[in-house]
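Structure assessment
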Amino acid sequence: MIHLENVSKTYRIGAREIHAAKGVNLHVKTGEIFGVVGHSGAGKSTLVRLINRLETADAGRILVDGDEVLSLDPDELRALRRRVGMIFQHFNLLGSRTVAQNVAIPLRVAGLTDSEQINARVAELLDLVGLADQRHEYPAQLSGGQKQRVGIARALANRPKVLLCDEATSALDPQTTRSVLELLEQINRSLGLTIVLITHEMNVVRSICDRVAVMDGGEIVESGAVTQVFLHPQHPTSRAFVNEAEHLDELEEVLKVANVEGRVVRLTFIGDDAYAPHLAHAVREHGLDFTILSGHIERIKTTPCGQLTLALRGTSRAQDVAISHLKQQGVGVEFLQ
Amino acid sequence: MSELFARLDWAGILFAGFDTLTMLSASLLFTVLLGLPLGVVLFLSGKRQLLERPKLYGALSVVVNVVRSLPFIILLIVMIPITVRLVGTSLGVAGSIPPLVVATTPFFGRLVESALREVDRGVVEAMLAAGATIRQIVLWALLPEALPGILAAVTVTAITLVSYSAMSGVVGGGGLGDLAVRFGYQRFRTDVMIVTVLLLLILVQALQMIGDRLVHHFSRT
């Protein structure tokens, strides 16, 4: 649905050059929820705006739903933007218009004039986001979560194929964040909408994204399935994000504090294995002995998964047998020391 | 007390009041009709705005600043040939309306520009992202969002017009201000002075009150 090939964007502030995007390659598949995570200033806000050309790339190729974004004329660009919805961190609603009028704006922009048709579509959209009762209220009367729901209804008005989310939950409290994310996931499933979601919160990525790209300094430093990036982060930036989300300390520090000698192994359980008694079995059958250095069991989107970091004890023969048995069971095994 | 006001020509004062209201409403109407587009163009062509045009913005700024730096009494005289062309005379109520409009339009345009700048950029971005044209963004987002600010600008401009219209006596424009100068001051008619000043005061207060009410009514935050 969305292809970025070698896309670059540089801002000049006085004599200083800021590389907001440096040779970015990105491929978002139809119907998936794709996360872009990065610290503020990493270039993710620019990246999402390159997709609907709110920012124009200096170089590279951008394909959205079959359109060469960089070579569209103004009319074609506006037509594309109607097929790409967008929601914002600060909602960006018209304070002078009611909820219903805000949602109607993209319909009027698209040339719809029949007020009955507009009202019917607006009612449908407000039902979808659960704000049918607030239709005559003004944005200032709504809570943050409700405002974002209006934003979502407005973004979906013209039945877009893509929804761009620019830090859509960053101004919301955790509970409201969860309900907005659930709404996005529901829309993704029921409408088959492709969603690109940028955030600085790894927990947002974990709860709804299928794949993720990690950005740092205008570059994508790592990308892949969320389970992959979460369980085996390669780049230091990705590792920092995952550790922060999991409340993990850096392993080096753990090893220092625990004063561990011998082998340290990280076991990864994905899917139903996360809840299977593999480790208990290894202890019982093979006499494996260990101490747990760190660990967590959670769900990534709908996939259960767990990771345990163990310092192995006992004879190395018992360890080897137990480890190979775990591998046979499909448990991921990495030696860290 | 009653003796002081015994010689007052109430009909004359009524006519003067009527003249003031005529000059005020006609000038205000034309000022808004011309100044609103001017403000929108100033805003759009400004730095980092939708239709950034540094040369156009610079040229308009110079014109606006030149007109604003001319004292109204000078403008009134300088404009006489143009006024004659526009309304056929440089005298009376009609003759004072073009200079009033020319004097307040740049002022009002600047106020509109700054009211538009107060609109959250995110709102414009959301309109762009929805595929809106510049025209749609101006009419459906910028002007409605800036409406309280624009109404405040109209109020300030109306009050400025009341005070400028007092000078239109120079071209025989009439009005309460003119009455105060010609009778109250030059002919030592304290009674005329008191009544006209009171009426002007009431007029300005009323304008400010109406303006504040409207601003409040259209503010949604």
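No experiment lies behind these values; they were computed from the predicted model shown. (Residues numbered from 1 in each chain as written. Chains lettered and ligands numbered in written order. Predicted model: local features only at pLDDT ≥ 70, side-chain atom pairs only at ≥ 80, totals over all residues. Heavy atoms only, no water.)

This part takes up the nonpolar core. Core analysis: the largest hydrophobic core is formed by 54 residues, its most contacted members being B:L24, B:L116, B:M127, B:L142, B:I150 and B:L207. If you list the elements that add at least two residues to this core, you get α3 (99-109) of chain A together with α1 (10-45), α3 (72-78), α5 (92-117), α6 (121-129), α7 (134-165), α8 (176-185) and α9 (190-218) of chain B. The element best represented in this core is α7(B), accounting for 14 residues. Among the nonpolar cores identified, the runner-up in size contains 51 residues, and A:I118, A:I195, A:V214 and A:F230 belong to it. (Core = buried A, V, L, I, M, F, W, Y, C linked by side-chain atoms within 4.5 Å. Buried < 20%, exposed > 50% of the residue type's maximum accessible area, 1.4 Å probe, protein only. Helix = DSSP H or I, 4+ residues; strand = E, 2+ residues; numbered from the N terminus.)

Before going further, it helps to examine the domain arrangement of chain A. Residue and element names in this part refer to chain A. The domains assigned to chain A are domain 1 (2-235) and domain 2 (248-335). Facing the twelve residues of domain 1 at the interface are eleven residues of domain 2. Around 920 Å² of area is buried between domain 1 and domain 2 when both sides are counted, 60% of it from carbon and sulfur atoms. Linking domain 1 to domain 2 there are two salt bridges. The partner of K301 in a salt bridge is D210, with the nearest N and O atoms 2.7 Å apart. (Domains from an automatic or database assignment. Contact = heavy atoms within 4.5 Å. Buried area = accessible area lost by both parts, 1.4 Å probe. Salt bridge = Lys/Arg side-chain N within 4 Å of Asp/Glu carboxyl O.)

Put plainly, a disulfide is one covalent bond tying together the sulfur atoms of two cysteines. Residues and elements named next belong to chain A. Summed over all chains, the structure comprises zero disulfides over all chains. In this structure C305 is not part of a disulfide, and its nearest cysteine sulfur, from C209, lies 14 Å away. The buried category is assigned to C305, whose relative accessible area is 0%. (Disulfide = S-S within 2.5 Å.)

Here we take up unusual backbone geometry. All names here are of chain A. The backbone of R159 shows a phi angle near 50°, a positive value even though the residue is not glycine. Looking at the secondary structure, you find R159 in the loop between α5 (144-156) and β7 (162-166). The residue K301 is not glycine, and still its phi comes out positive at about 55°. Tracing the backbone shows K301 in the loop between β12 (289-300) and β13 (303-313). Residue classification places K301 among the buried positions, given a relative accessible area of 19%.

Residue and element names in this part refer to chain A. Spatially, β6-β7-β8-β3-β9-β10 is the arrangement adopted by the six strands of the open sheet, whose pairing is mixed. At either end of the open sheet lies a strand with only one pairing partner, and these are β6 (84-88) and β10 (219-225). This sheet shows a mean twist of 15° between the axes of neighbouring strands, independent of strand direction. The pairing of strand β3 (residues 33-38) with strand β9 (residues 211-216) spans five bridges and is parallel. (Pairing = 2+ DSSP bridges. Axes fitted to C-alpha atoms, helices over the stretch in contact; angles between N-to-C directions.)

It is worth spelling out the pattern of salt bridges at this point. Residue and element names in this part refer to chain A. All chains considered together, the criterion is met by 22 salt bridges over all chains. Among the ionic pairs, E32 bridges to R211, the shortest N-O distance being 2.8 Å. Taken as a pair, E32 in the loop between β2 (16-28) and β3 and R211 in strand β9 lie far apart in primary sequence, 179 residues in all. The exposure classification of E32 matches that of R211, with both residues buried. Across the salt bridge formed by E124 and R159, the nearest N and O atoms sit 3.8 Å from each other. Separated by 35 residues along the polypeptide, E124 in helix α4 (residues 115-128) and R159 in the loop between α5 and β7 bring together distant segments of the chain. With relative accessibility at 43%, the residue E124 sits in the partly exposed group.

Residues and elements named next belong to chain A. Counting buried residues along β13, nine of its eleven residues qualify, which places the element largely inside the surrounding structure. Direction of pairing for strand β11 (residues 264-270) relative to β13: antiparallel, over a ladder of seven bridges. Counted as the bridge partner of V264 is A311 from β13. In terms of strand pairing, β12 meets β13 through eleven bridges, oriented antiparallel. By the bridge assignment for β13, F290 is matched with L312. Counting the residues that bridge the hairpin from β12 to β13 gives two residues, and of these K301 lies at a positive phi of roughly 55°.

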